[in-house]
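Here is what each chain is made of, one letter per residue.
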Amino acid sequence: MKKITGKILLVDDQPYEELLLKEALASIDQFAKVEYISNPKKALEYLKESCDKIFLIICDINMPEMNGLDFKKEIEKDDYLHEKSIPL
C-alpha cells in the first residue's frame, strides 16, 4: 500500500483525542504525522503560515471560542486556504 504524503491536522480542545487518533492510525502506517493543535484560531494561523502539506483536517465541533463549523467557514472564506482544498 502506498504511503500517503502529508499530515493529518487534528484540531480539538481535548488533548486525549491526539492519543486516540495516533493509536487508531498506528496499525495503518500510511500517514507521516499527526499535527495536533488545541485552538482553532491557532490552527488557522498554522495553515496560513506553514508550508506543510496537509492531507486531512479532523476537527472537533464543540470547542470554546470557535466551534468546528465556524473553523470550516473561516477556511472557506480565506482564498489561500480554500484553494488548497483540504478535506475537513
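Within every chain, residues take consecutive numbers counted from 1 along the sequence as written. Residues qualify for local features only when their pLDDT is at least 70, as the model is predicted, and side-chain atom pairs are given and counted only at 80 or more; totals for whole chains, interfaces and linings, by contrast, use all residues. Think of the side-chain values as coming from all heavy atoms in the structure, minus any hydrogens and water.

Colleague: Explanation requested: the overall build of the protein chain in the structure shown.
Modeller: A run of H or I in DSSP becomes a helix once it reaches four residues, and a run of E becomes a strand once it reaches two; helices and strands are each numbered from the N terminus. Across its full length, the protein chain holds 4 helices and 3 strands. Scanning the protein chain from its N terminus toward the C terminus, one meets helices and strands in the order β-α-β-α-β-α-α. For 88 residues, the compact-globule estimate of 2.2 N^0.38 gives 12 Å, and the protein chain sits close to it at 13 Å. Over its C-alpha atoms, taken along the principal directions, the protein chain stretches across nearly 35 × 30 × 20 Å. Type-normalised accessible area, obtained with a 1.4 Å probe on protein chains alone, sets the label of each residue: buried when under 20%, exposed when over 50%, and partly exposed for intermediate values. Relative to its full complement of 88 residues, the protein chain shows a buried share of 39%. We call two residues in contact whenever any of their non-hydrogen atoms come within 4.5 Å of each other. Long-range contacts, defined as pairs at least 24 residues apart, comprise 72% of the intrachain contacts of the protein chain with a sequence gap of at least 6. This radius of gyration counts C-alpha atoms alone. The globule rule is 2.2 Å times how many residues there are, raised to the power 0.38.

Colleague: I would appreciate a short explanation of the pattern of salt bridges in the present structure.
Modeller: Side-chain pairing between opposite charges can occur once the charged atoms of the two side chains come close. We count a salt bridge whenever a side-chain nitrogen from Lys or Arg sits within 4 Å of a carboxyl oxygen from Asp or Glu. Taken as a whole, this structure holds 8 salt bridges when the rule is applied. With a closest N to O distance of 2.7 Å, Lys7 and Asp52 form a salt bridge. Residue Lys7 is located in strand β1 (residues 7-11), and its partner Asp52 is located in the loop between α2 (40-49) and β3 (54-59); the two are separated by 45 residues in the primary sequence. For Lys7, a relative accessible area of 14% puts it in the buried group.

Colleague: So what exactly am I meant to see when it comes to the sheet that holds β1 here?
Modeller: Strand pairing in a sheet relies on backbone hydrogen bonds, with the paired strands running either antiparallel or parallel. DSSP bridges decide pairing: two strands pair if at least two such bridges lie between them. An order of β2-β1-β3 is seen for the 3 strands of this open sheet, with the pairing classed as parallel. The open sheet has two edge strands, β2 (34-37) and β3, and neither has a second partner. Geometrically, the sheet is characterised by an average inter-axis angle of 20° between neighbouring strands, direction not taken into account. In terms of strand pairing, β1 meets β3 through 5 bridges, oriented parallel. Paired with Ile8 across the strands is Leu56, a residue of β3. Throughout, an axis means a line fitted to C-alpha atoms (over the contacting stretch in the case of helices), and angles, computed between N-to-C directions, take values from 0 to 180 degrees. Against the sheet, α2 touches β1, β2 and β3, its axis set at about 155° to β1.

Colleague: Quick question: what am I supposed to make of the environment of Glu49 here?
Modeller: Note on placement: Glu49 falls in helix α2. In this structure, the C-alpha to C-alpha distance between Glu49 and Tyr80, residues 31 residues apart in sequence, is 11 Å.

Colleague: When you look at the nonpolar core in this model, what are you seeing that I'm missing?
Modeller: One broad rule of soluble globular proteins: the nonpolar side chains tend to lie buried together. Counting 16 residues, the largest nonpolar core has Leu9, Val11, Leu47, Ile54, Ile57, Phe71 and Ile75 as its most contacted members. Counting residues per element, the ones that place at least two in this core are β1, α2, β3 and α3 (68-77). By residue number, the principal contributor to this core is α2, which donates 4 residues. Only buried residues count toward a nonpolar core, which is a set of Ala, Val, Leu, Ile, Met, Phe, Trp, Tyr and Cys residues joined through side-chain atoms within 4.5 Å. Grouped together as the second largest cluster of nonpolar side chains are 6 residues, Ile8, Leu25, Val34 and Tyr36 included.

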